[in-house]
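Now for the letters of each chain:
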Protein chains: 2
Amino acid sequence: MSARNILLLSSSRVHGYEYLEYAQKDINNLFRKNNVSKVLFIPYALKDHDKYLATVESVLSKWGYDVQGIHKGDPKTLVEHAEAIFIGGGNTFVLLKALYDHGLVELIRHRVLHEGIPYLGSSAGTNVATKSIATTNDMPIVYPPSFEGLQLVPFNINPHYIDHDPTSKHKGETREERILQYQELSHAGIVIGLREGCTLLIEGNSMILKGLSRSRLFIPGKSPEEIEVDTDLSYLL
Amino acid sequence: MSARNILLLSSSRVHGYEYLEYAQKDINNLFRKNNVSKVLFIPYALKDHDKYLATVESVLSKWGYDVQGIHKGDPKTLVEHAEAIFIGGGNTFVLLKALYDHGLVELIRHRVLHEGIPYLGSSAGTNVATKSIATTNDMPIVYPPSFEGLQLVPFNINPHYIDHDPTSKHKGETREERILQYQELSHAGIVIGLREGCTLLIEGNSMILKGLSRSRLFIPGKSPEEIEVDTDLSYLL
Ligand SMILES: [Ca+2]
Ligand SMILES: [Ca+2]
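Rules used throughout
- Residues numbered from 1 in each chain as written.
- Chains lettered and ligands numbered in written order.
- Predicted model: local features only at pLDDT ≥ 70, side-chain atom pairs only at ≥ 80, totals over all residues.
- Heavy atoms only, no water.
- Helix = DSSP H or I, 4+ residues; strand = E, 2+ residues; numbered from the N terminus.
- Contact = heavy atoms within 4.5 Å.
- Buried < 20%, exposed > 50% of the residue type's maximum accessible area, 1.4 Å probe, protein only.
- Buried area = accessible area lost by both parts, 1.4 Å probe.
- Salt bridge = Lys/Arg side-chain N within 4 Å of Asp/Glu carboxyl O.
- Polar contact = N/O pair within 3.5 Å; in protein donor to acceptor, adjacent residues only side chain to side chain.
- Nonpolar A, V, L, I, M, F, W, Y, C, P; charged D, E, K, R; others polar.

Caption draft 1: Molecular detail of the environment of threonine 55 of chain B. Residues and elements named next belong to chain B. Locating threonine 55 in the fold gives a position in helix H2 (residues 49-60). In this structure the C-alpha to C-alpha distance between threonine 55 and proline 159, which are 104 residues apart in sequence, comes to 21 Å. Residues in contact with threonine 55, not counting those within four places in the same chain, are Arg13 and Tyr19.

Here is the structure:
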């Protein structure tokens, strides 16, 4: 697994920043280290693919990258020839179903894990990169053939992780309660709660928490713990 | 479908009330009208069935009902002989998978729609009573064989519906945005956002919004609208 070049964002939008801006330096590092000039964008998580592509293109082109939308050609061929892949957020179920429907799950996994092409994921694009989509926040608005993700990393991520507001009168489960309910099940493993502004950089067998904010680590059978930015998390791989 | 006697709660717990207390009058009406003395409780949405049964039993026994846990005997036999069914909240995916695994989906539907036994649902137990679980707030921690619900009503419900806090800096989708994303899809239909404290009473072909709070109605292609308590919603059946 030493070929990995992966950056997983909690979200593309963070309060006080333009789209992707808070992660600009890390995204540039990821792509430039790997001589990427053209990025294959996968907009499946939102309904309007052209509009989504235009949003992403308007940012990444300013940073010096060509952006191609996977919906503009044959998806498999485009993945086979991609220099780098970016999967954006939206609905995780819609996204994962589309990846399965287009036969892309094994192919993307192979290109990222064995050929080392950079993978950038945000929100739903981060959920699908993990072991499974078990800890997405999205609603199950379509039925995918499996909840198994691309399995680029061996744990789950909860993007947009949010702390309970102690003044709230709302009685729905808190995010932490939802994750702990998952970890009561025998098939559950580690979950990283990525607060907005958190990112994970995975290079080969190294993983580091980057970004603007601490994240929260849930290991089954242990109390949740706070992880500071720049912490080496390679032991979770 | 004139046999229906159904009460769907957004939640069992509401700020300022004991467990189920805010709906006590409507629950009693539902059960007493139908001469119910014994309630079959289905605790599948939470992991500890005995503990969950004890919580429910401690309340309903004070109100004069015997409570039986479905996990204490043969599930199908207990449903076949039930005077009334109560399905409580927890994780909607875990609950729905258990209903399918035990072969209860068709059976409960038949007993409620054709034999008229009272059905009380709360939170996840409300989600599974609808067309599908597409608008649950829960995480997909297990993979059910389908997202189709008991279909006791022909629409979807979002329990624990919550309005966007305009002061929030969080960039995750709001509840309304999630529901509208669902309604972009051609298979989606009507969604009722039941705020905590809202309930729906369905008797035969009549449906009325009850409880403590307005709810929010989402009809595909129309702007969401607020529905006041005591509104007749029979036209949605
Ligand atoms: Ca999302
Ligand atoms: Ca729940």
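Following the structure, the description resumes.
Caption draft 2: Region of the structure containing helix H5 (residues 105-113) of chain B. Residues and elements named next belong to chain B. The buried count for H5 comes to seven of nine residues, which makes it a mostly enclosed element. Among the residues making up H5, those that are buried are Val105, Leu107, Ile108, Arg109, Arg111, Val112 and Leu113. Each element contacted by the buried residues of H5 is listed here: strand E1 (5-9), strand E2 (38-42), helix H3 (75-80), strand E4 (85-87), helix H4 (92-101) and strand E5 (119-122).

Caption draft 3: Here's a closer look at helix H7 (residues 175-183) of chain B. What H7 of chain B keeps buried is the set Arg175, Arg178, Ile179, Gln181, Tyr182 and Gln183 of chain B. Buried-residue contacts for H7 of chain B involve strand E6 (156-161), strand E7 (191-195) and strand E10 (215-218) of chain B.

Caption draft 4: View of the interface of chain B and chain A. Listed as interface residues are 41 residues of chain B and, on the opposing side, 41 residues of chain A. Here chain B packs against chain A, burying approximately 3600 Å² in sum over the two surfaces, 62% of which is carbon and sulfur. Summed over the three residues of chain B that lose the most area to chain A, namely Met139, Ile141 and Tyr143 of chain B, the buried surface amounts to 20% of that side. Inspection of the region where chain B meets chain A yields two salt bridges. For arginine 178 of chain B, the salt bridge goes to aspartate 138 of chain A, with nearest N and O atoms at 2.7 Å. Where chain B meets chain A, there are 23 residue pairs in polar contact (both at pLDDT 80 or more). Those elements giving two or more residues to the side of chain B that touches chain A turn out to be E6 and H7 of chain B. Here the side of chain B that touches chain A is composed, by residue class, of 18 nonpolar, 13 polar and ten charged.

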